Amino acid sequence: MSADMAAQTDAGEGGEGGKGEEDVAPGGGRGDSGLRDRLVYLAVLSRPRFWLYLAGPVVVGVAAAASAPADLFGLEPLALFAYFLVPANVFLYGVNDVFDADVDEANPKKDDREARWRGDPVNTAVVAASGLLGVGLFAVVPRVAWPWLAAHFFLAVEYSAPPLRFKTTPLFDSVSNGLYVLPGVAAYAAVSGSNPPMLAVAGAWLWTMGMHTFSAIPDIEPDREAGIRTTATALGERRTYWYCAATWALAAVAFAAVDLRLGALLAAYPVVVLGIVAAGVDVDRAYWWYPVINTVVGMLITLGALWRLVYG
């Protein structure tokens, strides 16, 4: 997300809701300022840099499943993309921040690039409404996509929320992050009317495991101080790098079994993480490279699928 937006949000926080939120009123003036402040806060809460982590798999899934150009612009793919681009991110990260409010007080990422939870009723209602909006997708997509959507929403909640709170259990925190590829699997199923190759699902799931655990490396010390156990805190920074390299290498192998070109593309991930280790790049810096890397890789996979669609 924009560092400037995050800085504006954190600067405006002074407890629950910040100064401007108390003054929302019709007629402009301070009310408009309060509304802008809330919208900026909710935008930062939804992690704009990571919007494509949910919406991107939808694009890939639709492109891979389409049998004709018209399939790309049907009701199902458009509804899925629209929901997973913004509302799903508000819901996912809103639930995360609600149940991490105490922990995030010591999290340095919340000082500039992300926002700490403001626990006022309006923000809570927006997060809840974003989740309920997703229920409407079940009326749009065919039944073959329902299990994938249901699994996504289950993991989106239970990753952060009790009773399971997967994020506080080593390995389960990593495995549960398959939630990020499930929108793409649902999109493939919705467009094609059948499930995608299971090796592709396995490869994508392994990719998310590596991506999640890599992103947890900057949180190792804050999580340890807060008493939170994760795969990264259990392994420590050095071994976590190797865990990420291993899961990404397995993802490349799984994708190669579907298409060698996909495997070659995914092989970039273990190579990059090993390069980070060898060069001694600070993880706080490398962490912010991945939205760009992931976007480029997703774009190349999508372009390849579209090339097949147009030129056979």
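Residues numbered from 1 in each chain as written. Predicted model: local features only at pLDDT ≥ 70, side-chain atom pairs only at ≥ 80, totals over all residues. Heavy atoms only, no water.

Another aspect to go through is the packing of helix 5 (residues 87-99) against helix 7 (residues 146-158). Orientation of helix 5 relative to helix 7, taken along the N-to-C sense of each, is 30°, at an axis distance of 8 Å. On the basis of the axis angle, helix 5 is roughly parallel to helix 7. Across from F91, L92 and V95 in helix 5, the residues of helix 7 making contact are F153, A156 and V157. (Axes fitted to C-alpha atoms, helices over the stretch in contact; angles between N-to-C directions. Helix = DSSP H or I, 4+ residues; strand = E, 2+ residues; numbered from the N terminus. Parallel < 35°, antiparallel > 145°, perpendicular 65-115°, else oblique. Contact = heavy atoms within 4.5 Å.)

A few words on a nonpolar patch on the surface. Together, V292, V296, M299, L300 and L303 give the surface a local cluster of nonpolar side chains, amounting to about 430 Å² of exposed area. Within the fold, L300 resides in helix 16 (residues 290-311). (Patch = residues over 30% accessible without salt bridge, like charges linked within 9 Å, V, L, I, M, F, W, Y side chains within 5 Å. Areas by Shrake-Rupley, 256 points an atom, 1.4 Å probe, with all protein chains shown as cover. Salt bridge = Lys/Arg side-chain N within 4 Å of Asp/Glu carboxyl O.)

On to the environment of I293. When you line up the elements, I293 lands in helix 16. Looking at I293, the relative accessible area reads 22%, which means it is partly exposed. Residues I293 and A268, 25 residues apart in the sequence, show an inter-C-alpha distance of 9.4 Å. Every residue in contact with I293, bar those within four places of it in the chain, is listed here: Y269 and V272. (Buried < 20%, exposed > 50% of the residue type's maximum accessible area, 1.4 Å probe, protein only.)

For the rest of this paragraph, the subject is the nonpolar core. Counting 72 residues, the largest nonpolar core has L80, F84, W207, F214, Y241, W248 and Y290 as its most contacted members. Mapped onto the domain boundaries, this core takes at least three residues apiece from domain 1 (49-196) and domain 2 (197-311). Beyond its immediate chain neighbours, meaning those up to four positions away, Y290 contacts Y53, M211, F214, W248, Y269, V272, V273 and I276. (Core = buried A, V, L, I, M, F, W, Y, C linked by side-chain atoms within 4.5 Å. Domains from an automatic or database assignment.)

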